[in-house]
Amino acid sequence: MKKLIVSAILLFALALPAQVINEAWRPDEGPVCYAVPILDYSTMTAKEMAIHYFTNLARMGYDCGTPALECGSSGTLPLFALDFKLSTAARWFSKHLNDTPCFQHDTCCTLTLAGDEVQCVSGTACTNQPCDKTYCAGTSWVERIALFGASPTGENLAAGNELAVSTLCQWMNSPGHRDNICLPTHTSLGTGYHGGQNCFYHYWTQDFGGGTQSGRLYPGALFIDGTLTAGVVVKTPSAATDASVFVDGAETTLSNTFGTAIRGAWSAAVAAADCAAYHFTVSFADSKTERFPPTGYLFNSENPAECEAPDGDPDSDTAKPDDTTPDDAQPDDQPDQTAESDLPDGTVPDEESDDHSTIPYDFNPAKDDAGAAGDTDTAPSDWDFAWPDTDKPSDGGCSCALIP
């Protein structure tokens, strides 16, 4: 088992179905740049909220149907707070991987910050890499995320699956990525999704940090899990007694469908039109009630910036960036405790597993496919390939996850 020493855990998950690779799509190198206002609740997509929801379920014991995949100490792991700076960095990178195109943690060009845009320096982007073999000289992943004002502790990448739950299980079936999801020292999370027309069509990024939150409700979402479902995560010192989701004003009662009333998820099937505004409320045995998001709304949309708040005035009804979950935030009054509190030692777990029975088409290519020859300090030593659940990509268009 070969291991690679780096400054933080750097792990890949790459879906590589030949039948969904769009090899014909190759952009000419041009200005690769995006405006980067920090996201808020009103501009997070349903997919991005859903991957956060399912990642917290994994912290509570969700095992994708394979008990051996359950996180250790899942009963006490701290749940992931939502960090909007990490989320902005993650969405930017998911789009960058589609647009350049390449697939690696370092960027596919040299970055610079010009005003409010993070952009490639002209002439540095590599645009002719094959989808399955990529190594470009670029800005390091830590420097990239720092351009968005965040301090990362780890990162997961995935491609190929459209649904959040499928992508979460893609990571959970890859030992290194599962370690990132289960590490007790990762306590905040930013998630970013982009759907485009290049290579793998669906790109996902998880950026981990060390922040905390003070509220009892953790990110909820609308998501597809057989049917359209609304779910919210609760961690509370006093048992949750009632929970509801309001979709365009219509209330649906939620049930405790995972975990317990102290630490678990509440969900129910719902109906929601495109751009439907929604929020959650939960009441507790100590007579307190909380709302998620605390102000404003989430939107059932791939481009929430185009949606209007229910009163027609987005400026007054949508949430502002939450400053209560910075990377250096102090723990709340009742933090989760685990036996493991030391920072990662910087050793990357080997991606290869002797048992791939849960992913029938899982394999590891030759090590020289993974990075530049001789570059053992930055190139990954193994890539873990997992085929997604479908051989027919959806055509969501390149604009569905643009940073507004």
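Description of the structure in this document. (Residues numbered from 1 in each chain as written. Predicted model: local features only at pLDDT ≥ 70, side-chain atom pairs only at ≥ 80, totals over all residues. Heavy atoms only, no water.)

Overview of the pairing of strand β11 (residues 228-235)
Here is step 1: Most of β11 is tucked away: 8 of the 8 residues are buried.
Here is step 2: Across the two faces of β11 the burial is the same, with L228, A230, V232 and V234 and T229, G231, V233 and K235 all buried.
Here is step 3: Strand direction decides the pairing type here: strand β10 (residues 217-224) and β11, joined by 6 bridges, are antiparallel. Within β11, the position partnered with F223 by the bridge is T229.
Here is step 4: Hairpin connection, β10 to β11: the antiparallel pair is bridged by 3 residues, and G226 has positive phi, about 90°.
Here is step 5: Direction of pairing for β11 relative to strand β14 (residues 263-269): antiparallel, over a ladder of 7 bridges. The residue bridging K235 from the neighbouring strand is R263, located in β14. (Buried < 20%, exposed > 50% of the residue type's maximum accessible area, 1.4 Å probe, protein only. Helix = DSSP H or I, 4+ residues; strand = E, 2+ residues; numbered from the N terminus. Pairing = 2+ DSSP bridges.)

A closer look at the environment of P37
Here is step 1: Take P37: it is sitting in the loop between β3 (33-35) and α1 (46-59).
Here is step 2: In this structure, the C-alpha to C-alpha distance between P37 and T88, residues 51 residues apart in sequence, is 7.9 Å.

What about the packing of helix α4 (residues 164-172) against helix α5 (residues 175-182)?
Here is step 1: One can describe the packing of α4 onto α5 by two numbers: an axis separation of 6 Å at closest approach and a directional angle of 110°. The angle between α4 and α5 places the two elements in the roughly perpendicular class. Of the residues in α5, those touching α4 at L168, W171 and M172 are H177, R178 and I181.
Here is step 2: Class assignment for the residues of the contact of α4 with α5 results in 4 nonpolar, 1 polar and 1 charged. (Axes fitted to C-alpha atoms, helices over the stretch in contact; angles between N-to-C directions. Parallel < 35°, antiparallel > 145°, perpendicular 65-115°, else oblique. Contact = heavy atoms within 4.5 Å. Nonpolar A, V, L, I, M, F, W, Y, C, P; charged D, E, K, R; others polar.)

Side note on the packing of aromatic side chains
Here is step 1: Summed over all chains, the structure comprises 14 aromatic pairs.
Here is step 2: Their ring planes at 50° and their centres at 5.6 Å tell us that F80 and F208 sit as a pair that is tilted. On the criterion of sequence distance, the pair formed by F80 in the loop between α1 and β4 (81-82) and F208 in strand β9 (residues 202-209) is long-range, its members being 128 residues apart.
Here is step 3: Among the aromatic side chains, those forming a connected cluster through ring pairs are Y53, F54, Y62, F223 and F258.
Here is step 4: Above the ring of F284, the side-chain terminus of R216 is found at 4.7 Å from the ring centroid. (Phe/Tyr/Trp six-rings, centres within 6.5 Å; stacked < 30°, edge-to-face > 60°. Lys NZ or Arg CZ within 6 Å of the ring centre and 35° of its normal.)

Concerning the pairing of strand β7 (residues 154-159)
Put simply, side chains in a regular strand alternate between the two faces of the sheet.
Here is step 1: Burial of β7 is extensive: 6 of the 6 residues sit out of reach of the surface.
Here is step 2: On β7, burial covers both faces: G154, N156 and A158 on one face and E155, L157 and A159 on the other are all buried.
Here is step 3: Here β7 runs beside β9; their pairing, made up of 6 bridges, is antiparallel. Directly across from G154, in β9, lies its bridge partner F208.

Considering the nonpolar core
Here is step 1: F54, L168, Y278 and F280 are the most contacted members of the largest nonpolar core, which has 60 residues in total.
Here is step 2: Apart from residues no more than four positions distant in its own chain, Y278 is found in contact with A46, A221, L222, V245, F246, V247, P293, Y297, L298, F299 and N300.
Here is step 3: Grouped together as the second largest cluster of nonpolar side chains are 25 residues, F93, C102, C120 and W141 included. (Core = buried A, V, L, I, M, F, W, Y, C linked by side-chain atoms within 4.5 Å.)

Structural notes on the pattern of salt bridges
Opposite charge on two side chains permits pairing when their charged atoms draw close.
Here is step 1: Scanning the model with the defined rule gives 7 salt bridges in all.
Here is step 2: Residue D99 pairs with K95 through a salt bridge whose shortest N-O separation is 2.4 Å. On the criterion of helical spacing, the pair formed by D99 and K95 is a turn pair, its members being 4 residues apart in helix α2 (residues 84-99).
Here is step 3: The exposure class assigned to D99 is buried, which follows from its relative accessible area of 18%.
Here is step 4: What makes K95 buried here is its relative accessible area of 9%.
Here is step 5: For the salt bridge of D286 with R216, the shortest nitrogen-to-oxygen distance reads 2.7 Å. Taken together, the residues span a long stretch of sequence, with D286 in the loop between β15 (276-284) and β16 (289-292) and R216 in the loop between β9 and β10 at a distance of 70 residues.
Here is step 6: Residue classification places D286 among the partly exposed positions, given a relative accessible area of 31%.
Here is step 7: Residue classification places R216 among the buried positions, given a relative accessible area of 9%.
Here is step 8: Look at the salt bridges and you will find they share partners, linking K47, E162 and E302 into a network. (Salt bridge = Lys/Arg side-chain N within 4 Å of Asp/Glu carboxyl O.)

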